[in-house]
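Here is how the chains run, residue by residue.
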Amino acid sequence: MMRRWKLVPWSISVRLALWFAAAMLILLGLFSAFSYFTFHVARHRDFDQHLIHETRQLLPFVQQGIAGPVFVALDTLRSVAYQTDGIYGTYVRLLRPDGEVVYESPNFARHAPLPVRVQPIQEPQVYSHVWEDKPARTRYTPLFSEEGRLFGWLEVTGFEWSLHRELHHLGLVLGLGILLSTLLAAVGGYWLARRALRPVAVLTATARQIGADNLEARLPVPGEVRDELSELAETFNDLLDRLAASLERERRFTDNAAHELLTPLSALRSELEVALRRQRSAAYYHEVLQEALRDVERMTDTVRGLLHLARLERTDTHERARPIDLVERCQTRLKDWQPRLMRAGLTLDVVLPERAWVCGVPEYLDEVLDNLLANACKYTPPGGRVRLEVHQIDGQVRLRVSDTGIGFDPEEAAHLFDRFYRGRSAEGKPGSGLGLAIVRAIVEACGGSVHAWSDGPGRGSTFEVRWPACPVPVLPA
Ligand code: ADP
């Protein structure tokens with residue numbers, strides 16, 4: 001199924017800034033919530049300590065009376081806190097085990113009745129609640145007689161105003177901090193993203209100027225520091241290199257094809273024009289037609305060779321390569337070549353090892369062998385010798401075809417493998433000048449190299465192909 005991309009009308013900078021701000025919001029939010037919660041718990045614990053302290057102060061004055069717990073030395077007890085109203089006051093009550101109030105401190109007088117919350121479990125209990133719309137906290141302490149019997153409860157209550165005011169304040173500060181930081185993160189993120197992406201704008205502008213006509217232009221590689229953008233620019237430049245090379249190949253192919261076909265086509269055309277100028281004999285027409293057929297065959301060979309070269313230059317040769325025993329290929333091809341060389345009046349010497357593995361494509365290897373042997377046959381006069389050798393030297397497999405034929409100048413050696421190159425001494429011999437170019441294309445596609453040398457015209461020549469040796473494949477037993 002095709003993935004549908006939702007179009008986002010925002011630029012990368014805006015999106016980055018938003019991501020940045022969102023990340024900040026989440027992080028600060030979590031941190032603030034944690035701080036708020038921790039502070040809240042700590043403050044409650046402090047307040048509980050305060051209630052415990054108050055309880056401890058009071059406990060020595062509580063005794064078991066007839067109707068429940070009673071305070072003794074009540075005058076001492078009437079301290080400031082138990083009379084003070086509001087946030088600094090401590091509200092004290094004595095309860096019977098069933099929760100009935102038997103005493104309450106004077107500061108209760110100005111307040112609404114406080115419901116009793118104590119539960120029938122004989123342990124200290126603490127409750128947070130709202131008393132007259134204000135946060136309050138109450139601690140119940142069980143009172144036991146000497147025999148260990150519950151005879152009542154001491155209830156101590158205090159308002160938590162200041163605590164909640166502090167928490168409220170903290171919440172406000174944290175909220176405002178989060179808001180400001182998020183805003184700052186968004187603005188800063190946007191600015192940073194714009195700054196970081198500025199080289200992209202330069203790359204885009206340059207890339208826009210590159211067209212099929214000026215493929216030589218290259219993207220600037222930003223900065224001395226290697227980063228994603230310099231990598232992108234380099235990758236793009238590599239792509240341009242490959243595109244330019246492939247375009248150049250196409251151009252060369254078209255030029256070569258046009259040039260190489262135009263010459264025989266013009267010759268063919270004038271031959272036909274001359275033949276048609278007046279009435280000719282049947283034998284003349286026959287001869288002209290045969291000549292025309294030869295021209296067409298030559299042109300077909302040329303086009304076929306060019307197409308073959310074009311195909312070889314696409315990289316799939318390397319992918320199709322597999323280990324091949326070059327010796328076995330030589331032996332197979334020699335079955336064809338031995339009689340042909342003999343018919344051409346040439347003596348063949350063969351030096352082959354047992355096996356020699358190279359990585360290649362079988363039909364292409366045959367083509368290399370055929371081209372080299374065909375040239376040796378074509379450029380060696382009858383009575384000469386042709387020698388085929390395979391050696392394994394320094395991790396390389398070397399195929400050498402040498403002859404005692406027409407040879408070539410040392411300066412010609414550099415051009416022998418160019419397309420359509422035909423040596424001076426090759427004049428008059430049939431050929432299109434593509435054979436050795438094809439050999440080189442095949443060999444190089446498989447990681448090898450080709451070399452040619454000669455002692456000079458008329459003194460024979462040697463062609464050598466070198467492949468990196470291929471690991472010996474495991475053959476089925
Ligand atoms: P062609 O043989 O069709 O001309 P090639 O590409 O096979 O094209 O060879 C290019 C040129 O290299 C030949 O024209 C010839 O000058 C030279 N050459 C190739 N093989 C030999 C050889 N064995 N001896 C001398 N010259 C050779």
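Predicted model, so just to flag it, every value in this text is computed and none were measured. (Residues numbered from 1 in each chain as written. Predicted model: local features only at pLDDT ≥ 70, side-chain atom pairs only at ≥ 80, totals over all residues. Heavy atoms only, no water.)

With that settled, the discussion passes to the UniProt feature "transmembrane region" (unreviewed entry) in the protein. This chain's UniProt record puts "transmembrane region" (unreviewed entry) on residues 170-193. The span residues 170-193 is 100% helical and 0% strand by assignment, and the distance between its end C-alpha atoms comes to 33 Å. (UniProt positions renumbered as here; feature names shortened; annotations may be inferred. Helix = DSSP H or I, 4+ residues; strand = E, 2+ residues; numbered from the N terminus.)

Our next topic: the pairing of strand 12 (residues 396-403). In terms of burial, strand 12 is largely enclosed, as 6 of its 8 residues are buried. As judged from the 8 bridges shared by strand 11 (residues 385-393) and strand 12, these two strands associate in the antiparallel manner. Counted as the bridge partner of Val-390 is Leu-399 from strand 12. Linkage of strand 11 to strand 12, two consecutive antiparallel strands, is achieved through a turn of 2 residues, within which Asp-394 is found at a positive phi near 45 degrees. (Buried < 20%, exposed > 50% of the residue type's maximum accessible area, 1.4 Å probe, protein only. Pairing = 2+ DSSP bridges.)

Let us now look at unusual backbone geometry. If you check the backbone angles, Glu-132 has positive phi at about 50 degrees while not being a glycine. For Glu-132, a relative accessible area of 29% corresponds to the partly exposed category. Unusually for a residue other than glycine, Asp-133 sits at a positive phi of about 65 degrees. Examined against the element boundaries, Asp-133 turns out to sit in the loop between strand 5 (125-131) and strand 6 (134-144).

A few words now on the side chain of His-308. Secondary-structure assignment places His-308 in helix 6 (residues 282-313). Those residues in contact with His-308, other than ones at most four positions away along the chain, are Tyr-364, Glu-367 and Ile-438. (Contact = heavy atoms within 4.5 Å.)

If you walk across this open sheet you meet the 5 strands as 4-3-7-6-5, and the pairing is antiparallel. Both outer strands of the open sheet, strand 4 (101-104) and strand 5, are each paired with one neighbouring strand and no more. Each adjacent strand pair in this sheet contributes to an overall mean axis angle of 25 degrees, direction not counted. Sheet topology note: the strand 6/strand 7 (residues 150-159) ladder contains 9 bridges and is antiparallel. Across the sheet, Ala-136 pairs through a bridge with Phe-159, a residue of strand 7. Across the face of the sheet, helix 1 (residues 12-58) comes into contact with strand 3 (90-95), strand 5, strand 6 and strand 7 while running at roughly 130 degrees to strand 7. (Axes fitted to C-alpha atoms, helices over the stretch in contact; angles between N-to-C directions.)

The domains assigned to the protein are domain 1 (12-169), domain 2 (228-314) and domain 3 (317-468). Between the C-alpha centres of domain 2 and domain 3 the distance comes to 24 Å. Between domain 2 and domain 3, the residue contacts involve 12 residues of the former and 11 residues of the latter. Across the interface of domain 2 and domain 3, roughly 1100 Å² is buried in total on both sides, 65% from carbon and sulfur atoms. Among the residues domain 2 hides against domain 3, the three largest losses belong to His-308, Leu-309 and Leu-312. Together they make up 52% of the total. Our enumeration of links across domain 2 and domain 3 arrives at 0 salt bridges. For the pair domain 2 and domain 3, the interface holds 1 residue pair in polar contact (both at pLDDT 80 or more). Those elements that provide at least two residues to the side of domain 2 that touches domain 3 are helix 5 (228-276) and helix 6. Class assignment for the residues of the side of domain 2 that touches domain 3 results in 4 nonpolar, 4 polar and 4 charged. (Domains from an automatic or database assignment. Buried area = accessible area lost by both parts, 1.4 Å probe. Salt bridge = Lys/Arg side-chain N within 4 Å of Asp/Glu carboxyl O. Polar contact = N/O pair within 3.5 Å; in protein donor to acceptor, adjacent residues only side chain to side chain. Nonpolar A, V, L, I, M, F, W, Y, C, P; charged D, E, K, R; others polar.)

Together, Leu-25, Ile-26 and Leu-30 line one region of the surface with nonpolar side chains, adding up to about 310 Å² of accessible area. Looking at where Leu-25 falls in the secondary structure, it is placed in helix 1. (Patch = residues over 30% accessible without salt bridge, like charges linked within 9 Å, V, L, I, M, F, W, Y side chains within 5 Å. Areas by Shrake-Rupley, 256 points an atom, 1.4 Å probe, with all protein chains shown as cover.)

Close to the ligand lie 21 residues; Asn-375, Tyr-379, Arg-422, Gly-423 and Leu-436 are nearest. At a separation of 2.9 Å, an oxygen atom of the ligand approaches a polar side-chain atom of Asn-375. Coverage of the ligand by the protein amounts to 97% of the 520 Å² it exposes when considered alone. Mapping the ligand onto the cavity grids shows that it belongs to the largest pocket. Elements with a minimum of two residues in the shell around the ligand: helix 9 (362-378), helix 10 (435-445) and strand 14 (461-468). At 3 residues, the largest contribution of residues to the shell around the ligand is made by helix 9. Tallied by class, residues from the shell around the ligand come to 10 nonpolar, 8 polar and 3 charged. (Near = heavy atom within 4 Å. 1 Å grid on protein atoms, 1.4 Å probe; cavity = no way out; pocket = protein on both sides within 12 Å on 5 of 7 lines; lining within 4 Å. Sits in = over half its atoms within 2 Å of the grid points.)

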